[in-house]
Each structure stands twice: as structure tokens, then as C-alpha cells.
Amino acid sequence: AANGTLSAPRGTLDLAGDFVNLGTFTNETHNSGTVLWSGSNLGAGSTDSPFTFYNLTFALSGIQNVYPKNMTSAGITVENTLTVNSGATMRLKSDTTGVVPLLSLGTTTSACTVNLNSTVANYLSINFDDNHDSFNAVRIAGVSSLYPATINNADRISWDYPTGRTSRAVELSNLNCVGTVTFGSDATGTYTTEIKLQGDCEFDAVTVDTDGTLDL
């Protein structure tokens, strides 16, 4: 219900359907627990409401859409651990209003760890979608430059928007990306994504394809 509050267990909250927030789900109510999510849409239809998770696991075998702007002007926050299980794909959606959707990782006093375990062909663990051809960017950022988020297996991020989308931007800050990342075009060699570094980022190794753009 609108203005309601969900107080999660300290263990695991298994959510099989979509997650729509019309009330409050924040660090006061997550109780340092885990949300195991196997629905298709996170945030779609939500009001400007806080979405703060302690541990969040993507568990559906297939694409799971995330609408950060629908949640709050601050986007979605995962404080401790973000996990994408084998076979799952976290798809971050851009917003049609011009506001850059934000996936925030960690807190001002601690870092978040991102574990990417899916190698689904063409989609991988995380990819991006230009919602309704909005031509807008999405952003992944550690909350604190002193405690950057660590993304394990960063090569399992499909940095380029899916085939059929034109050039968009992915903005990054306060991240430690473990593994080799490749910035360039999609599988057709036609559609490219611009990577913008908005803050400190560390990469083990980076490959920028001939048709890719890395904006420092």
C-alpha cells in the first residue's frame, strides 16, 4: 500500500515476482538481510521511493529489468553485496525524463562487492537498455571514493547497449573493476556506447575497440 513500510528479515527474503515500491524500503528496514529476487521488473510502477538493499541477488534464469529512476532521485542502492547468479542478467534501464538513473554501491563508510556469475551469450551478467529510445545514460557509482565498490569478473558486463540501439553513455565512478573489460560496439559492429568516467575507477585491463569511445 502507499506509504507502507516493509521490514525485511535478517536472513533471506525470497521474492518471486516484480518489486513495486509505493512506501519505504531503506537501510532502516532491510535489517542487513538478503533479497533473493527472481522477478522480471524491479522498480517499474514505483513512486519516488527509497530502494536500499543490504544484499541483493538476481536469481531468475533470464533478463531482470531494473528501473533506477522509478525508485528515487538517488536511484537504487546496494550497501554490501550485489550478486548475479549464473543464468541471470541484470538489465539497467535508462529513463525517458532526462534524469540519469543511478546504481549506487556501498556506503560512506564501507565498500560493496559485486559478484557476476552469469556468462549468458550476448547478455552476460549486466547489460543496459535505452528505455523507449530516450537517448539517455545510466550510471554505476560507488558511494564513497574512499571505499570504492569492487566488481568481480567485470568482463561479464556487456558494456554496449543491445543490438538495435544507437549510441548511449554509461557513466562510472568510484569502482574497482577486476578482470579485462572491452569497450566498443555491439555484436553487429554498428551501435556503440560511450563510457564516461565521472570519478576514480581502477581497471585490471582495458581494451577500447576501434569504434569505441572512452571519455576520461
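Predicted, not measured: the structure shown is a model, and the values here were computed from it.

## Some remarks on the sheet that holds strand 5 (residues 62-66)
Here comes step 1: Taken in spatial order, the four strands of this open sheet run 3-5-7-10, and their pairing is parallel. The strands lining the two open edges of the sheet, one partner per strand, are strand 3 (41-42) and strand 10 (126-129).

## A short note on the pairing of strand 11 (residues 138-142)
Here comes step 1: Of all five residues that make up strand 11, four are buried, and the element is covered over most of its length.
Here comes step 2: With four bridges joining them, strand 8 (residues 102-105) and strand 11 adopt parallel strand pairing. Each bridged residue has a counterpart across the sheet, and for L103 the counterpart in strand 11 is I140.

## What to know about unusual backbone geometry
Here comes step 1: Unlike most non-glycine residues, N153 shows phi in positive territory, near 60°.
Here comes step 2: Mapped onto the elements of the fold, N153 is located in the loop between strand 12 (149-152) and strand 13 (168-173).
Here comes step 3: In this model, N174 sits at a positive phi of 55°, which is unusual for a non-glycine residue.
Here comes step 4: Secondary-structure assignment places N174 in the loop between strand 13 and strand 14 (175-183).
Here comes step 5: Judged by its relative accessible area of 13%, N174 falls in the buried class.

## Examining the pattern of salt bridges
Here comes step 1: For the structure shown, the criterion picks out one salt bridge.
Here comes step 2: With its nearest N and O atoms 2.6 Å apart, the salt bridge here joins E171 to R139. You can see E171 sitting in strand 13 and its partner R139 sitting in strand 11, a full 32 residues away along the chain.

## Observations regarding the packing of aromatic side chains
For any pair of aromatic rings, the description consists of the separation of the ring centres together with the inter-plane angle of the planes.
Here comes step 1: A complete count under the given rule lists one aromatic pair for this structure.
Here comes step 2: For the ring pair W37 and F58, a centre distance of 5.4 Å and an interplane angle of 80° mean the geometry is edge-to-face. Residue W37 is found in strand 2 (residues 34-37), and its partner F58 is found in strand 4 (residues 51-58); the two are separated by 21 residues along the sequence. The two residues W37 and F58 agree in class, both being buried.

## Regarding the confidence of the model for the chain
Here comes step 1: Averaged over all residues, the pLDDT of the chain equals 78, while 66% of them reach at least 70.
Here comes step 2: Within the chain, no element has a lower average pLDDT than helix 1 (residues 68-71), which sits at 55, and none a higher one than strand 12, at 97.

## Re the state of the cysteines
Here comes step 1: As enumerated under the stated definition, the model contains zero disulfides in all.
Here comes step 2: The thiol of C201 is unpaired, and the distance to the nearest cysteine sulfur, on C177, comes to 6.2 Å.

## Let's talk about the side chain of T77
Here comes step 1: Mapped onto the elements of the fold, T77 is located in strand 6 (residues 76-84).
Here comes step 2: In contact with T77, not counting residues within four places along its chain, are F51, T52, F53, S104 and G106.

## Re the nonpolar core
Here comes step 1: In terms of nonpolar packing, the biggest core is built from 38 residues, with L56 and L105 touching the most fellow members.
Here comes step 2: Excluding its chain neighbours within four sequence positions, the residues that come into contact with L105 are V78, L82, C112, V114, I140, A141, G142, V143, A149 and L175.

## A closer look at the environment of S125
Here comes step 1: Looking at the element boundaries, S125 is found in the loop between strand 9 (113-116) and strand 10.
Here comes step 2: Distance in space between the C-alpha atoms of S125 and N153 is 9.3 Å, their sequence separation being 28 residues.
Here comes step 3: When sequence neighbours within four positions are dropped, the list of residues in contact with S125 reads V84, A88, T89, M90, L116, N117, S118 and R156.

Here is what the cut-offs are and how they apply
- Residues numbered from 1 in each chain as written.
- Predicted model: local features only at pLDDT ≥ 70, side-chain atom pairs only at ≥ 80, totals over all residues.
- Heavy atoms only, no water.
- Pairing = 2+ DSSP bridges.
- Helix = DSSP H or I, 4+ residues; strand = E, 2+ residues; numbered from the N terminus.
- Buried < 20%, exposed > 50% of the residue type's maximum accessible area, 1.4 Å probe, protein only.
- Salt bridge = Lys/Arg side-chain N within 4 Å of Asp/Glu carboxyl O.
- Phe/Tyr/Trp six-rings, centres within 6.5 Å; stacked < 30°, edge-to-face > 60°.
- pLDDT = per-residue confidence, 0-100.
- Disulfide = S-S within 2.5 Å.
- Contact = heavy atoms within 4.5 Å.
- Core = buried A, V, L, I, M, F, W, Y, C linked by side-chain atoms within 4.5 Å.

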